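Here is what each chain is made of, one letter per residue.
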Amino acid sequence: MALTESSMMKLGTKAPNFNLLDTISGKIISLSELQSDIATVVVFICNHCPFVHHVNAKLVEVANHYQAKGVQFIAISSNSVETHPQDAPELMTVVAKNEGYSFPYLYDETQEIAKAYKAECTPDFFIFDNKLECAYRGRFDETRPNMGEPTGRDLSIALDSLLSGEKVDQNQYPSMGCNIKWK
């Protein structure tokens, strides 16, 4: 595991579209099919990362809360399954069910989508507004494994701003986690 920070996509960047396998439904799904007219959260995660394990339960709780308000959550795994077979699509399905994911868990086999988003680590969070322009990128909250209980504070503050029609604070912090396992 190499501790890696997110690259912090430029605010205002248009969300790159994708067509990826949803490991829960078995269907190919596009961003244009999933996007919300309020806000869309795209998070790069994987099955094995301790930083993802640290936030998983709280991520599901936060997602359920905001999905009830019309926000779409989308999880994507881009890790190479050649070097990390525990991140294979069939195991993603198991993790999604065991963790109670209420959102699609997509597999980016070619890693093109992670590169298009400039995702660097897991977890790496992006919020796009109703025009699919990046309004937030960075961390879930300030906690780390063995360093506090996750709250989802940073992500929630940004979503609350969008929901109330306010501008998201541009003072944002990079996420930190395991590096994406590139081919």
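Up top is the structure.
Now for a quick tour of the structure. (Residues numbered from 1 in each chain as written. Predicted model: local features only at pLDDT ≥ 70, side-chain atom pairs only at ≥ 80, totals over all residues. Heavy atoms only, no water.)

**Notes on helix α2 (residues 50-67)**
Because each turn of an α-helix spans 3.6 residues, side chains separated by three or four positions end up pointing in the same direction. Look at α2: 25 Å from first C-alpha to last across 18 residues, which is about the 26 Å you get at 1.5 Å a residue. Of all the bends in α2, the largest measures some 50 degrees and sits at N56. (Helix = DSSP H or I, 4+ residues; strand = E, 2+ residues; numbered from the N terminus. Expected span 1.5 Å × (residues − 1). Bend = angle between axes of the 7 residues up to and from the residue.)

**Regarding the packing of aromatic side chains**
For the coordinates displayed, the defined rule picks out 9 aromatic pairs. Seen from their ring centres, Y101 and Y105 are 5.4 Å apart, and the 75 degrees between their planes marks the pair as edge-to-face. Accessibility expressed as a relative area gives 9% for Y101, which makes it buried. Relative accessible area serves as the criterion here: at 0%, Y105 is assigned to the buried category. When the centroid spacing of 5.7 Å and the interplanar angle of 70 degrees are considered together, the rings of Y117 and F126 count as edge-to-face. (Phe/Tyr/Trp six-rings, centres within 6.5 Å; stacked < 30°, edge-to-face > 60°. Buried < 20%, exposed > 50% of the residue type's maximum accessible area, 1.4 Å probe, protein only.)

**Some details on the pattern of salt bridges**
Applying the stated criterion across every chain, the model contains 2 salt bridges. The shortest N-O distance in the salt bridge between E61 and K58 comes to 2.8 Å. Here E61 and its partner K58 are both found in helix α2, 3 residues apart, which amounts to about one turn of the helix. Residue classification places E61 among the partly exposed residues on the basis of a relative accessible area of 47%. Residue classification places K58 among the partly exposed residues on the basis of a relative accessible area of 21%. The partner of D154 in a salt bridge is R139, with the nearest N and O atoms 2.7 Å apart. Linking D154 in helix α5 (residues 153-163) with R139 in the loop between β9 (134-138) and α5, this pair joins segments that are 15 residues apart in sequence. Take R139: its relative accessible area is 15%, and that puts it in the buried class. (Salt bridge = Lys/Arg side-chain N within 4 Å of Asp/Glu carboxyl O.)

**Overview of unusual backbone geometry**
Here the bond from T122 into P123 is cis, since omega is 0 degrees, no more than 30 degrees from zero. Inspection of the secondary structure assignment puts P123 in the loop between β7 (121-122) and β8 (124-128). With a phi angle near 60 degrees, K118 is a residue other than glycine that sits in the positive phi range. Among the secondary structure elements, K118 is positioned in the loop between α4 (112-117) and β7.

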